[in-house]
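Chains, contacts and geometry: an overview
Chain by chain, the residues run as shown.
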Amino acid sequence: MLIIPCPYCGERPELEFSYGGQAHIDRPLAPTDLNDEEWNEYLYVRANPKGRHAERWRHIHGCARFFNAVRDTRTDHILATYKVGEPAPEIPA
Amino acid sequence: MFETRIASPFSGESGAITAVAPLGRAVLRCREADIGRVSDKLGLALPQAACRSESNGPNSALWLGPDEWLLLNADMQDGWVPGLAARLDGELCSLVDVSHRQVALSIDGERAEEILASGCALNLSLRAFPVGMCTRTMYARAEIVLWRTGPRSFYLDVWRSFARYVEALLREAESEV
């Protein structure tokens, strides 16, 4: 089982968390101004990197807060976690 | 006055696992900036450190999240939650009476940690989970609130419909550890 460090509660077992998809996707401020392609991009198009991925997680069976994590998709190692609203941390290679 | 009688979903009262008498429960949510004022009005300091609890007489506040607390009233006094709501009048916060949504078990004794470890993935040693620590977590497939009330005592709050499931697994674990 993965041990995931929640920014609020500390290290917790994976089964307390749920995955929330790619992080740092802002909802358009004026959705009516978007054409179909831009709206499609916002709703459906996601990065699928082999390597580091910033993603949303929710500590649903703990403090219930959303937070962001940088995970390496090759190794499943979680390199950093940080609160929503904070920028993704710089992680040395 | 009505006499409040609540049927316990639990089957037995033996060994290390016992049903806790009915409690008053409320979930309070408020913003960080208001915590001090709300604490004053409640007469109970809302803990701001993660996974910690505060008690004052029969009342306790358990940290569930940075803006969420489970309030417990051991006396199960009639009108406790409406009384709290009246005291919080004018505050922008949410207070929900969940007294009957959950039921509680007490797990006590030398083997309490081992019994809980049968279904709970947290490190429950006294160093990692000291007295007064509380958290929402999982026991097997059920969400619980776990609170360490003493070096060998745990309070376990679980939604009523999951109660017999949790109790059955705990009793099985008790027979095996």
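Right, let's talk about the sheet that holds strand β10 (residues 153-159) of chain B for a bit. All names here are of chain B. Within the open sheet, the five strands sit side by side as β1-β7-β10-β9-β8. Their pairing is antiparallel. The open sheet has two free edges, formed respectively by β1 (17-19) and β8 (134-139), since each of these has just one partner strand. The sheet shows a mean angle of 30 degrees between the axes of neighbouring strands, direction not considered. Where β1 and strand β7 (residues 102-108) come together, three bridges link them in antiparallel fashion. The partner of Ile-17 across the bridge, within β7, is Ile-107.

Residue and element names in this part refer to chain A. Spatially, the four strands line up as an open sheet ordered β3-β4-β5-β6, and their pairing is antiparallel. One side of each edge strand has no neighbouring strand; the edge strands of this open sheet are β3 (18-22) and β6 (78-83). Taken pair by pair, the neighbouring strands of this sheet meet at an average axis angle of 30 degrees, ignoring direction. Taken together, the five bridges between strand β5 (residues 66-72) and β6 define a ladder with antiparallel strand orientation. If you follow Phe-67 over to β6, its bridge partner there is Lys-83.

One non-glycine residue, A:Ala64, lies in the positive phi region at around 70 degrees. With respect to the helices and strands, A:Ala64 occurs in the loop between β4 (52-58) and β5. The phi angle at B:Ala140 is positive, at roughly 50 degrees, despite the residue not being glycine. Looking at the element boundaries, B:Ala140 is found in the loop between β8 and β9 (142-150).

Residue and element names in this part refer to chain A. Inspection of the secondary structure puts Gly-21 in strand β3. Separated by 29 residues in the primary sequence, Gly-21 and Lys-50 have C-alpha atoms spaced 15 Å apart. Apart from the residues lying within four places of it in its own chain, the contact partners of Gly-21 are Glu-55 and Arg-56.

Thresholds applied
For every chain, the first residue of its written sequence is number 1, and the numbers climb from 1 along that sequence. Chain letters and ligand numbers both follow the written order, the letters beginning at A and the numbers at 1. Only residues with pLDDT of at least 70 get local features here, since the model is predicted, and only at 80 or more are side-chain atom pairs given and counted; chain-wide, interface and lining totals rely on the full set of residues. Computation of side-chain values covers all heavy atoms of the structure but excludes hydrogens and water. Should DSSP find at least two bridges between two strands, the strands are taken to pair. Numbering of helices and strands starts at the N terminus; helices are DSSP runs of H or I of at least 4 residues and strands are runs of E of at least 2. To obtain an axis, a line is fitted to C-alpha atoms, over the contacting stretch when the element is a helix, and the angle between two such axes runs from 0 to 180 degrees between their N-to-C directions. Two residues form a contact once any of their heavy atoms are found within 4.5 Å.

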